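What follows is each chain in one-letter form.
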Amino acid sequence: MRYSETMERFSDMLSVGGKTNSLGRANDVVQIVLDDQTRLDELFACMFHDDAWVRMRAIDSFEKICRVHPLWIEPYVEKLLRDLADCTQPSILWHLAEIFIQVRLTDDQQTRVTAWLRQLLSTVQVDWIVSANAMKAVTYFMNKGAMTRDEVRELLQIQQGHHSKSVRKKATQVLELLDN
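Residues numbered from 1 in each chain as written. Predicted model: local features only at pLDDT ≥ 70, side-chain atom pairs only at ≥ 80, totals over all residues. Heavy atoms only, no water.

Caption draft 1: Fine view of the overall build of the protein. Broken down by element type, the protein carries eleven helices and zero strands. Across the protein, helices and strands are ordered from the amino to the carboxyl terminus as α-α-α-α-α-α-α-α-α-α-α. Compactness check: the protein gives a C-alpha radius of gyration of 17 Å against a globular reference of 16 Å for 180 residues, within 12% of the reference. The C-alpha extent of the protein, read off along each of the three principal axes, is 55 × 35 × 25 Å. Counting across all 180 residues of the protein, residues that qualify as buried make up 47%. Put simply, 66% of the contacts in the protein that link residues at least 6 apart link residues at least 24 apart. In the structure as shown, the protein presents an accessible area of about 9200 Å², 50% of it carried by carbon and sulfur atoms. (Helix = DSSP H or I, 4+ residues; strand = E, 2+ residues; numbered from the N terminus. Rg over C-alpha atoms; globule rule 2.2 N^0.38 Å. Buried < 20%, exposed > 50% of the residue type's maximum accessible area, 1.4 Å probe, protein only. Contact = heavy atoms within 4.5 Å. Areas by Shrake-Rupley, 256 points an atom, 1.4 Å probe, with all protein chains shown as cover.)

Right, here's the structure in full:
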């Protein structure tokens, strides 16, 4: 039986499997959607589930699908910006940063995404993995001409003061690349 032939609900699949901080059956969900794009709406809805672990696994699955079929995700960009960019769950935020560099954005969406990234990186209070993915994204948008080298440099300098050694190291490495 192909994955797409199963009618198990994604919310149920994403709520079980291994430790709570594991991806559980997220890869099964990815395969089902890759086999049956019509189930993408169901997966999207799981990003608003009451359970934070279901939300985390859902956004992880959504981002993995985006890597394979970014065009499938583009119709959701506006909803992602409107409904998820202001959330406080780090696992949502770091995956959004990844998604936003994989899809085509309108000029307005790109402006909103870069403003969102500036907000994330304007403080060292940001989660370490959110910071790492946001730094990757601002570099991407700088290379596209959507952000200036100076504003990216300023954000990276802020992140050099982050509590995480890996964030400080990444910020310093990217700054060195900017200056060469």
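Caption draft 2: Molecular detail of the packing of aromatic side chains. This model, assessed by the stated rule, comprises six aromatic pairs. Ring geometry for Phe-44 and Tyr-76: centres 5.1 Å apart, planes at 40 degrees, overall tilted. With Phe-44 in helix α3 (residues 40-46) and Tyr-76 in the loop between α5 (70-73) and α6 (77-83), this residue pair connects regions lying 32 residues apart in the sequence. This pair shows no difference in class: Phe-44 is buried, exactly as Tyr-76 is. Note on Tyr-140 and Phe-141: the rings are 5.0 Å apart at their centroids and 80 degrees apart in plane angle, and the pair reads as edge-to-face. A relative accessible area of 30% means that Tyr-140 is categorised as partly exposed. A relative accessible area of 1% means that Phe-141 is categorised as buried. (Phe/Tyr/Trp six-rings, centres within 6.5 Å; stacked < 30°, edge-to-face > 60°.)

Caption draft 3: Molecular detail of the nonpolar core. Counting 58 residues, the largest nonpolar core has Leu-43, Phe-62, Leu-80, Phe-100 and Leu-117 as its most contacted members. Among the elements that line this core, the one with the most residues is helix α9 (residues 128-143), at seven residues. (Core = buried A, V, L, I, M, F, W, Y, C linked by side-chain atoms within 4.5 Å.)

Caption draft 4: Representation of the confidence of the model for the protein. Mean pLDDT over the protein stands at 92; residues scoring 70 or higher make up 94%. Long-range and interchain partners of residues 1-5, a stretch whose pLDDT sits below 50, account for eight contacts in this model, where long-range means more than four residues apart. (pLDDT = per-residue confidence, 0-100.)

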